[in-house]
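So the chains spell out like this:
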Amino acid sequence: MEWSEKVVLITGASSGIGRGFAVEFARRGAAVGLLARRADALAEVVEEIEAAGGRAIALPADVTDADAVRFAACALRQKFGYIDLLIANAGVGGTTYAADLCEKEVAELIKVNVIGVVNSVTAVIPHMIERGTGQLVAISSLAAYRGLPKSAAYCASKAGVSALFESLRIDLMGTGVAVTIIHPGFIKTPLTAGRSHMPYLMELDGAVKKMVHAIEKRKKSYSFPWQLANIVRACMLLPIPLYDWIAARNSFRE
Ligand SMILES: NC(=O)c1ccc[n+]([C@@H]2O[C@H](COP(=O)([O-])OP(=O)(O)OC[C@H]3O[C@@H](n4cnc5c(N)ncnc54)[C@H](OP(=O)(O)O)[C@@H]3O)[C@@H](O)[C@H]2O)c1
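All figures in this text were calculated on a predicted structure; none of them were measured in a lab.

J.: Residue-level account of the environment of Ile181, with values.
T.: Residue placement: Ile181 occurs in strand E6 (residues 177–184). For the pair Ile181 and Ala88, spaced 93 residues apart in sequence, the C-alpha to C-alpha distance is 9.8 Å.

J.: Report on the site of the ligand, specifying residues and quantitative values.
T.: Near the ligand there are 31 residues, and of these Ser15, Ile17, Arg37, Tyr154 and Thr189 occur at the shortest range. Lys158 is positioned with one of its side-chain polar atoms (N or O) 2.9 Å from an oxygen atom of the ligand. Here an oxygen atom of the ligand sits 3.5 Å away from a polar atom, N or O, in the main chain of Gly185. Here the ligand has 880 Å² of accessible area as a free molecule, and 95% of this is covered by the chains. Split into classes, the residues belonging to the shell around the ligand amount to 15 nonpolar, eleven polar and five charged.

J.: Go over helix H3 (residues 66–80), please, and point to the residues and values.
T.: Between the first and last C-alpha of H3 there are 21 Å, a value that for 15 residues agrees with the 21 Å anticipated at 1.5 Å per step. Those residues of H3 lying buried are Val69, Ala72, Ala73, Leu76, Arg77 and Phe80. Angular distribution of buried residues about the axis of H3 spans 135 degrees; they occupy a single face of the element. Opposite the buried face of H3, by more than 90 degrees, sit the exposed residues Asp67, Phe71 and Gln78. Phi for Gly81, located one or two positions after H3, is positive at around 100 degrees.

J.: Account for unusual backbone geometry, naming residues and giving values.
T.: The amide bond that connects Phe224 to the next residue, Pro225, takes the cis arrangement and shows omega of -5 degrees. Tracing the sequence through the fold places Pro225 in the loop between strand E7 (221–224) and helix H7 (226–237). The phi angle at Tyr200 is positive, at roughly 55 degrees, despite the residue not being glycine. Here Tyr200 lies in the loop between E6 and helix H6 (204–216). You can call Tyr200 partly exposed: its relative accessible area is 41%. Its identity is not glycine, yet Arg218 carries a phi of approximately 50 degrees, on the positive side. Note on placement: Arg218 falls in the loop between H6 and E7.

What counts and what doesn't
Residues numbered from 1 in each chain as written. Predicted model: local features only at pLDDT ≥ 70, side-chain atom pairs only at ≥ 80, totals over all residues. Heavy atoms only, no water. Helix = DSSP H or I, 4+ residues; strand = E, 2+ residues; numbered from the N terminus. Near = heavy atom within 4 Å. Polar contact = N/O pair within 3.5 Å; in protein donor to acceptor, adjacent residues only side chain to side chain. Areas by Shrake-Rupley, 256 points an atom, 1.4 Å probe, with all protein chains shown as cover. Nonpolar A, V, L, I, M, F, W, Y, C, P; charged D, E, K, R; others polar. Expected span 1.5 Å × (residues − 1). Buried < 20%, exposed > 50% of the residue type's maximum accessible area, 1.4 Å probe, protein only. Arc of directions from axis to C-beta.

By themselves, these observations are geometric and do not establish any function.
Written out as structure tokens, the structure is:
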């Protein structure tokens, strides 16, 4: 992959994983468009990238606003000519409990984590297909594989994103547009700050490097770290009563 020719749109680039991607792609020579709501935080990332000799523009927008995301993608294309890599990363976490499930809160989370991804894809996909090249990357989660305790909305949103991208991958066969679904375990970011019981917790830099490698290889799906990914896969084979018993006792979740 020739990074100096890449133009990347990264959503959720103002902190955590998105910010890590932005800095790493720019360091490799790519031009990066940084989308998130906080303009001041984006300006800081742009400054850091430019100070190191990289190319970046801030695209303040809310992923739940389809027009705003489309406008941001247009601005990036106007500046650098095209977009050939989308990292649909913007997302929020949240604890939910069955007894006091709030439909408004669930809808809000789904709107950011699923509809936000849809808005990001629709803003770039027609041009990628027209150019006959491109790559769509979704940052899902190991929480997509099975329902986890106190995480109904989050697990539903990530399962939704993974299924969405799997369908897109099949639809886009033969178009030149690759689709990569990434399922990370726990990574040290503001989203996980202050949370306890996070097995195989990863440092941000190491996790970003692993994900960039999977993107370079145009992997269809990448779940990591391998230890937690294997535990989650094994959980999928368990009979339901056994899974419920184990899950209720080990609240491993993002
Ligand atoms: N950290 C983990 O352990 C982990 C594990 C698996 C998956 N993930 C996934 O990785 C992604 C990034 O998480 P993170 O850990 O890096 O969290 P983070 O540090 O909290 O970053 C979340 C990013 O999403 C942006 N965002 C949130 N709502 C938005 C909206 N409505 N419109 C535009 N941008 C929005 C935030 O920017 P603004 O607030 O400026 O808008 C921020 O840049 C999420 O999808 C998360 O579910 C994280």
